[in-house]
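Structural overview for review
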Amino acid sequence: MFRFIVKRMGQLFLVLFAVSIIVFVFTSVMGNPVYLMVRENATEAEIQAVTQYLGLDKPLPVQYGIFVKNSLSGDFGKSYMYHLPALGLIVERFPATLEIVSVALLLSAFIGIPLGVISGAYPKNPFSKGVMAFSIAGISMPSFWIGMVLIFFFGIFLGVLPVSGRGETAEFLGISTSLATSDGWKHILLPAVTLALGNIATIIRLTRSGMQENMRQDYVKFARAKGVPRRKVLFGHALKNTLIPVVTIFGLQMGSLIAFTTITETIFAWPGMGKLLIDAINSADRPIIAAYILFVAVMFVFINFVVDIMYVFIDPRIDLQ
């Protein structure tokens, strides 16, 4: 286990080094931020002063060295729009994104896995065929279209759910969250369902294929011959051996949802990291873009590390070495 952790930490540094180069190169060619910080009729001297203040008058290798040095201490500079530390802005928006992603993942797990088990165990059942039709529709429909349909039906036609904003928040364990208020839950439902539908469809299809394969194995036939209850055979034996690929996809989906909720957050005006990134790209706000990408890279590596550890608990035969 120790060797595995050391190996993963080495991979983490290699990934972050490669990402830092890519981020620096791309943010360096994204327009000129100087003109976002000076007034419209700024003189050449004022432009030059701001250029020196941002360190853009130095050679690119020197700028990269300063960028890496500051990044290691969590200093990505101040946002050009908000005039606040970029990483602080991302950390401030992170709980809002984590709220809708957490609810979406719970929906994916508690709906997708049972439906996948049933449709895999009883593939010819009409209910299973209906589940598969739903999964195909869920994968085929883009999230922005699903979001607009939900807004029209539940927000405008029925008028039962709010369609924008985060709603009221309250303190829970020292964290301000909308999950602690009923108004917050009303605001979370539509964006969370929008995020979850595609993932539910993926989990259903993955679980179904795994269940169909395991149901043909000898250990399942033996358990059934011994008179083990059907529910225990499905959820205690076959599902356990189906979970490895499901957990892998679940971990990747978790990272993707946190990192790329930009469309859903924009549609529902949800004040999370995704909307912050869209605003930063529109304004060529380099510090926020750089901090966001590196934050996401660290998060992906960490999530994959946790997923690898979970393999051992699901199937002790797996050797991480």
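Residues numbered from 1 in each chain as written. Predicted model: local features only at pLDDT ≥ 70, side-chain atom pairs only at ≥ 80, totals over all residues. Heavy atoms only, no water.

**What to know about the overall build of the protein**
Tallying secondary structure elements over the protein gives 13 helices and 2 strands in all. Taken along its principal axes, the extent of the C-alpha atoms in the protein is 85 × 55 × 40 Å. For the protein, the residues scored as buried account for 40% of the 321 residues in total. When the accessible surface of the protein is summed, it comes to about 17500 Å², and 68% of that surface belongs to carbon and sulfur atoms. Across the protein, the mean location of the 25 positive side-chain charges is 18 Å away from that of the 18 negative side-chain charges. (Helix = DSSP H or I, 4+ residues; strand = E, 2+ residues; numbered from the N terminus. Buried < 20%, exposed > 50% of the residue type's maximum accessible area, 1.4 Å probe, protein only. Areas by Shrake-Rupley, 256 points an atom, 1.4 Å probe, with all protein chains shown as cover. Lys, Arg positive; Asp, Glu negative; His and termini not counted. Charge placed at Lys NZ, Arg CZ, Asp CG, Glu CD.)

**Some remarks on the pattern of salt bridges**
Summed over the entire model, instances satisfying the criterion amount to 2 salt bridges. Close ionic contact of Glu99 with Arg166 constitutes a salt bridge, the shortest N to O distance being 2.5 Å. In this pair, Glu99 is assigned in helix H5 (residues 86-121) and Arg166 in the loop between helix H7 (143-157) and strand E1 (170-172), connecting sequence segments 67 residues apart. Here Glu99 falls in the buried class, since its relative accessible area comes to 4%. Asp279 is the partner of Lys275 in a salt bridge, and the nearest nitrogen-oxygen pair spans 3.5 Å. Here Asp279 and Lys275 lie together in helix H12 (residues 273-282), a separation of 4 residues that amounts to about one turn. Residue Lys275 is classed as partly exposed on the basis of its relative accessible area, which comes to 24%. (Salt bridge = Lys/Arg side-chain N within 4 Å of Asp/Glu carboxyl O.)

**Concerning the packing of aromatic side chains**
Summed over the entire model, instances satisfying the criterion amount to 6 aromatic pairs. Seen from their ring centres, Phe94 and Phe295 are 5.5 Å apart, and the 75 degrees between their planes marks the pair as edge-to-face. Of this pair, Phe94 sits in helix H5 while Phe295 sits in helix H13 (residues 286-314), and the two are 201 residues apart along the sequence. Among the aromatic residues, ring-to-ring pairing joins Phe24, Tyr64 and Phe67 into one connected group. (Phe/Tyr/Trp six-rings, centres within 6.5 Å; stacked < 30°, edge-to-face > 60°.)

**Points about the packing of H5 against H12**
Contact pair H5 / H12: the axes reach a minimum separation of 7 Å and the direction vectors enclose 135 degrees. In terms of axis orientation, H5 runs oblique to H12. Between H5, through Leu89, Ile90, Arg93, Phe94 and Thr97, and H12, the contact on the second element is made entirely by Met273, Gly274 and Leu276. In terms of residue class, the contact of H5 with H12 is built from 5 nonpolar, 2 polar and 1 charged. (Axes fitted to C-alpha atoms, helices over the stretch in contact; angles between N-to-C directions. Parallel < 35°, antiparallel > 145°, perpendicular 65-115°, else oblique. Contact = heavy atoms within 4.5 Å. Nonpolar A, V, L, I, M, F, W, Y, C, P; charged D, E, K, R; others polar.)

**Brief notes about the nonpolar core**
Membership of the largest hydrophobic core comes to 46 residues, with the highest contact counts inside it found for Phe67 and Val101. Those elements that place two or more of their residues in this core are helix H1 (2-28), helix H4 (60-72), H5, helix H6 (126-140), helix H8 (182-215), helix H10 (230-259), H12 and H13. Examining the composition of this core, we find that 13 residues originate from one element, H13, more than from any other. The next biggest cluster of nonpolar side chains, apart from the first, holds 13 residues, and it includes Ala121, Met211, Leu234 and Ala238. (Core = buried A, V, L, I, M, F, W, Y, C linked by side-chain atoms within 4.5 Å.)

**Side note on the packing of H5 against H8**
Where H5 meets H8, the axes come as close as 6 Å, and the angle between the chain directions of the two elements is 30 degrees. Where H5 crosses over H8, the two elements pack in a sense that is right-handed. Here the contact of H5 with H8 is built from residues that sort into 20 nonpolar, 8 polar and 2 charged. (Left-handed = near helix turned anticlockwise from the far one by under 90°.)

Any functional reading would require information that these geometric values do not contain.
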